[in-house]
Amino acid sequence: MSKPSIPQGTRDFSPAEVRRRQFIFNTLRSIFELYGFQPLETPSMENLVTLTGKYGEEGDRLIFKILNNGLHEKKDAEREKLNGEWNNILSRSYSSPVVTERALRYDLTIPFARYVVMHQNDIALPFRRYQMQPVWRADRPQKGRYREFWQCDADVVGSTSLINEAELLCIYQQAFQKLNVPVTIKINSRKLLAALSELCGMSEKMMDITIAMDKLDKIGWVGVANELKERGISEDGIWQIERVINVTGTNEEKLVAFSDIMQHSPSGMEGINELSKTLAFYNELDPTASFKTTGQDTNIQIDISLARGLNYYTGVIVEVVCSHPDVKMGSIGGGGRYDDLTGLFGLKGVSGVGVSFGIDRICDVMEELKAFPEQLAEGTKAMLVNFGGENETYALQILQQLRTANIPAEIYPDASKFDKQMKYANRRGIAYVLLPGDEERQKNMVSVKNFVTGEQKMMSIAETIVLLSH
RNA sequence: GAGGUUGUAGCUCAGUUGGUUAGAGCAUCAGAUUGUGGUUCUGAGGGUCGCGGGUUCGACCCCCGUCAUCCUCCCCA
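(A) Layout of the overall build of chain A. Each helix and strand counted, chain A has 17 helices and 16 strands in total. Taken against the 2.2 N^0.38 rule, which gives 23 Å for 470 residues, the C-alpha radius of gyration of chain A at 29 Å runs more than 25% over that of a compact globule. Among the 470 residues that make up chain A, the fraction classed as buried is 49%. Considering only intrachain contacts with a sequence separation of at least 6, the fraction spanning at least 24 residues in chain A is 69%.

Here is the structure:
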């Protein structure tokens with residue numbers, strides 16, 4: 001009598017929830033297609049070696065590994081070896097191809113890079129693809145964090161043009177506009193972060209600096225300064241960082257201030273130039289232009305404290321957060337430029353840039369904001385009541401005609417009590433109930449009851465089809 | 001890896017300082033009503049109170065352990 005359950009961090013989706021999620025998928029798909037991206041799907045599992053080492057130390061630990069099967073066929077000697085390896089795995093963070101050589105995908109970017117390398121002769125560069133599939137992480141679940149969740153990614157590989165960055169910003173902008181979610185799009189460059197760590201005289205501490213700075217929103221400058229200290233950043237370094245963080249104003253003003261501070265850093269100037277060009281391209285393409293009165297008020301903001309976790313980014317990085325004051329949710333999307341992603345798999349010199357939508361969080365946010373359109377509940381339009389006997393046969397004939405006319409319809413499969421059938425139709429929210437009884441059958445008609453208004457009228461099948469067709 | 005929350009019927013939850021046979025709403029089934037639902041009334045079934053141990057004359061309640069859950073930190077979408 002044990003109650004059934006599902007694994008931690010996973011969810012069932014009810015019919016209504018699936019419809020809401022599909023609304024998001026459909027919206028994104030249409031935008032991706034509009035911008036010329038092509039669909040791609042990759043397997044749920046990858047070879048473990050494809051994934052390890054790509055997401056940093058923390059990321060590696062969160063990869064779901066798949067136990068090898070077919071082990072019972074092993075010879076005794078191999079089984080003994082297996083036992084040894086198994087104990088190793090249990091005792092520490094260790095993996096062995098004897099025990100596990102596959103893993104569930106952790107994101108869509110690395111499998112995409114793997115795909116590009118494997119199919120480099122088949123694809124025309126630059127290659128633009130979108131991908132909407134679930135990913136898995138062995139994280140501790142909590143609000144807005146799941147072990148199985150969906151990502152929708154759009155990436156371009158084989159082009160270093162910043163037009164790509166600008167287009168991806170447009171995609172973010174247009175998507176969240178269509179989804180009715182107010183957002184702030186933060187933008188930064190890893191090159192600025194690299195320059196900043198040079199400025200501090202500690203290039204090797206770039207990761208420490210960026211991780212600490214990324215918490216600015218949460219713990220404030222004092223908290224960040226403390227963390228920087230703990231991470232071994234010098235007083236002078238902290239002062240340099242404070243100087244940069246204190247820069248405010250419009251994007252243009254920030255870029256001017258940064259170029260003043262970083263004028264002697266080639267990498268810093270490069271980052272500034274990238275951001276400036278990206279924003280210039282964006283202004284030409286801006287899908288929200290017609291909604292704006294001036295160019296001043298933009299939700300795309302340069303944010304020097306933006307870091308992004310994945311360590312393969314090298315250039316422009318972006319992150320999307322919901323800007324509604326009542327919504328407390330981490331980032332709902334992110335992405336950036338990775339100069340040498342495919343290099344990890346042996347294909348040098350192919351630069352890529354991409355963005356990702358975190359569907360599950362977007363769905364949670366839209367739920368909270370009641371941002372879904374009302375009319376998503378379209379399902380069965382008409383239900384035929386089952387009166388049994390000859391009337392049942394008659395009902396099936398009507399049902400077939402309705403479906404031929406492309407009207408979503410169903411019959412109550414059992415000749416149950418009338419009120420039970422009516423209650424069922426009511427609970428399902430079906431718009432029309434059709435009553436094919438003795439009288440109707442003899443006249444070759446059917447009584448049509450509108451379940452919203454309660455009105456009922458007997459009419460021919462042809463008239464019924466006309467009524468239900470819109 | 002660290003800290004906290006919760007666990008009682010299929011679901012959502014009450015349950016007094018620790019006291020006899022653990023309750024409600026919804027859902028299910030049956031009936032008032034074999035052609036009229038969303039909104040009526042009546043009745044029925046359904047619980048090893050997460051699991052294990054302890055304290056006690058007596059435990060859903062107190063203590064210890066354990067498992068599950070959700071949340072916070074870390075990290076991330």
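Next comes the rest of the account.
(B) Quick peek at the sheet that holds strand E14 (residues 432–435). Here we have 5 strands laid out as an open sheet, ordered E13-E12-E14-E15-E16, and mixed in their pairing. Sheet topology places strand E13 (409–411) and strand E16 (456–460) at the edges, where each strand pairs with a single neighbour. With strand direction ignored, the average angle separating the axes of adjacent strands in the sheet is 25 degrees. Relative to the sheet, helix H14 (residues 389–404) contacts strand E12 (382–384), E13, E14 and strand E15 (445–450), its axis offset from that of E13 by approximately 165 degrees.

(C) Spotlight on the protein's contact with RNA strand B. Lining the immediate surroundings of RNA strand B are 40 residues, of which Arg145, Ser331, Arg361, Phe418 and Gln456 lie closest. Put simply, 52% of the atoms of RNA strand B that lie within 4 Å of the protein are in sugar or phosphate. In the environment of RNA strand B, a phosphate oxygen lies 2.8 Å from a nitrogen or oxygen atom belonging to the side chain of Gln142. A distance of 3.5 Å is found between a sugar or linking oxygen of RNA strand B and a backbone nitrogen or oxygen belonging to Ile332. Mapped by element, the contributors of at least two residues to the surface near RNA strand B are strand E6 (148–157), helix H15 (418–428) and helix H16 (438–443).

(D) Up close: the sheet that holds strand E9 (residues 316–322). Spatially, the 8 strands line up as an open sheet ordered E1-E5-E6-E11-E10-E9-E7-E8, and their pairing is mixed. A strand with exactly one partner marks an edge of an open sheet, and here the two such strands are strand E1 (38–39) and strand E8 (300–302). Taken strand by strand, helix H1 (residues 15–34) contacts E1, strand E5 (127–136), E6 and strand E11 (352–358), and its axis lies near 5 degrees from that of E6.

(E) Expanded view of the domain arrangement of chain A. Along its sequence, chain A is carved into domain 1 (15–64 + 106–369) and domain 2 (378–468). Its C-alpha centre places domain 1 at a distance of 52 Å from the equivalent point of domain 2.

(F) Examining the packing of aromatic side chains more closely. The final tally for this structure, using the stated rule, is 15 aromatic pairs. Measuring from centroid to centroid gives 5.2 Å for Tyr312 and Tyr313, while their planes differ by 65 degrees, and the two rings are edge-to-face. Residues Tyr312 and Tyr313 agree in their burial class; the two are buried. Three or more aromatic residues link up through ring pairs in this structure, and these residues are Phe32, Tyr130, Tyr172, Phe176 and Phe357. Looking at Arg11, its charged tip hangs above the ring of Tyr146, at a distance of 3.5 Å from the centre. Sitting above the plane of the Phe13 ring, Arg21 keeps its charged end 3.8 Å from the centroid.

(G) Representation of a nonpolar patch on the surface within the structure. Where nonpolar side chains cluster on the molecular surface, the patch consists of Ile163, Phe281 and Leu285 and spans about 220 Å² of accessible area. Along the chain, Leu285 falls in helix H12 (residues 266–285). In this structure Leu285 comes out as partly exposed when scored by relative accessible area, which is 39%.

(H) Looking closely at the side chain of Lys186. Mapped onto the secondary structure, Lys186 falls in strand E7 (residues 183–189). Under the relative-accessibility criterion, Lys186 is labelled buried at 13%. Excluding residues within four positions of it along the chain, Lys186 makes contact with Asp217, Gln301, Asp303, Leu306, Ile317, Val318, Glu319 and Val321.

(I) Here's a closer look at helix H7 (residues 190–199). Across the 10 residues of H7, 8 count as buried, placing the element largely inside the fold. Buried residues of H7: Arg190, Lys191, Leu192, Leu193, Ala194, Ala195, Leu196 and Ser197, and no others. Where H7 is buried, its residues meet E7, helix H8 (206–213), helix H10 (235–245), helix H11 (251–261), H12 and E9. Of the residues flanking the start of H7, the one acting as N-cap is Ser189, its side-chain oxygen 3.0 Å from the backbone nitrogen of Lys191. Of the residues one or two after H7, Gly201 is the one with positive phi, at around 75 degrees.

(J) Local environment of the packing of H7 against H12. One can describe the packing of H7 onto H12 by two numbers: an axis separation of 8 Å at closest approach and a directional angle of 155 degrees. In terms of orientation, H7 and H12 fall into the roughly antiparallel class. Viewed along their axes, H7 and H12 form a crossing whose handedness is left-handed. Facing Lys191, Leu192, Ala194, Ala195 and Glu198 of H7, the residues of H12 in contact are Ser267, Gly268, Glu270, Gly271, Ile272, Glu274 and Leu275. Taken together, the residues that form the contact of H7 with H12 break down as 5 nonpolar, 3 polar and 4 charged.

The rules behind each value
- Residues numbered from 1 in each chain as written.
- Chains lettered and ligands numbered in written order.
- Predicted model: local features only at pLDDT ≥ 70, side-chain atom pairs only at ≥ 80, totals over all residues.
- Heavy atoms only, no water.
- Helix = DSSP H or I, 4+ residues; strand = E, 2+ residues; numbered from the N terminus.
- Rg over C-alpha atoms; globule rule 2.2 N^0.38 Å.
- Buried < 20%, exposed > 50% of the residue type's maximum accessible area, 1.4 Å probe, protein only.
- Contact = heavy atoms within 4.5 Å.
- Pairing = 2+ DSSP bridges.
- Axes fitted to C-alpha atoms, helices over the stretch in contact; angles between N-to-C directions.
- Near = heavy atom within 4 Å.
- Polar contact = N/O pair within 3.5 Å; in protein donor to acceptor, adjacent residues only side chain to side chain.
- Domains from an automatic or database assignment.
- Phe/Tyr/Trp six-rings, centres within 6.5 Å; stacked < 30°, edge-to-face > 60°.
- Lys NZ or Arg CZ within 6 Å of the ring centre and 35° of its normal.
- Patch = residues over 30% accessible without salt bridge, like charges linked within 9 Å, V, L, I, M, F, W, Y side chains within 5 Å.
- Areas by Shrake-Rupley, 256 points an atom, 1.4 Å probe, with all protein chains shown as cover.
- Salt bridge = Lys/Arg side-chain N within 4 Å of Asp/Glu carboxyl O.
- Parallel < 35°, antiparallel > 145°, perpendicular 65-115°, else oblique.
- Left-handed = near helix turned anticlockwise from the far one by under 90°.
- Nonpolar A, V, L, I, M, F, W, Y, C, P; charged D, E, K, R; others polar.

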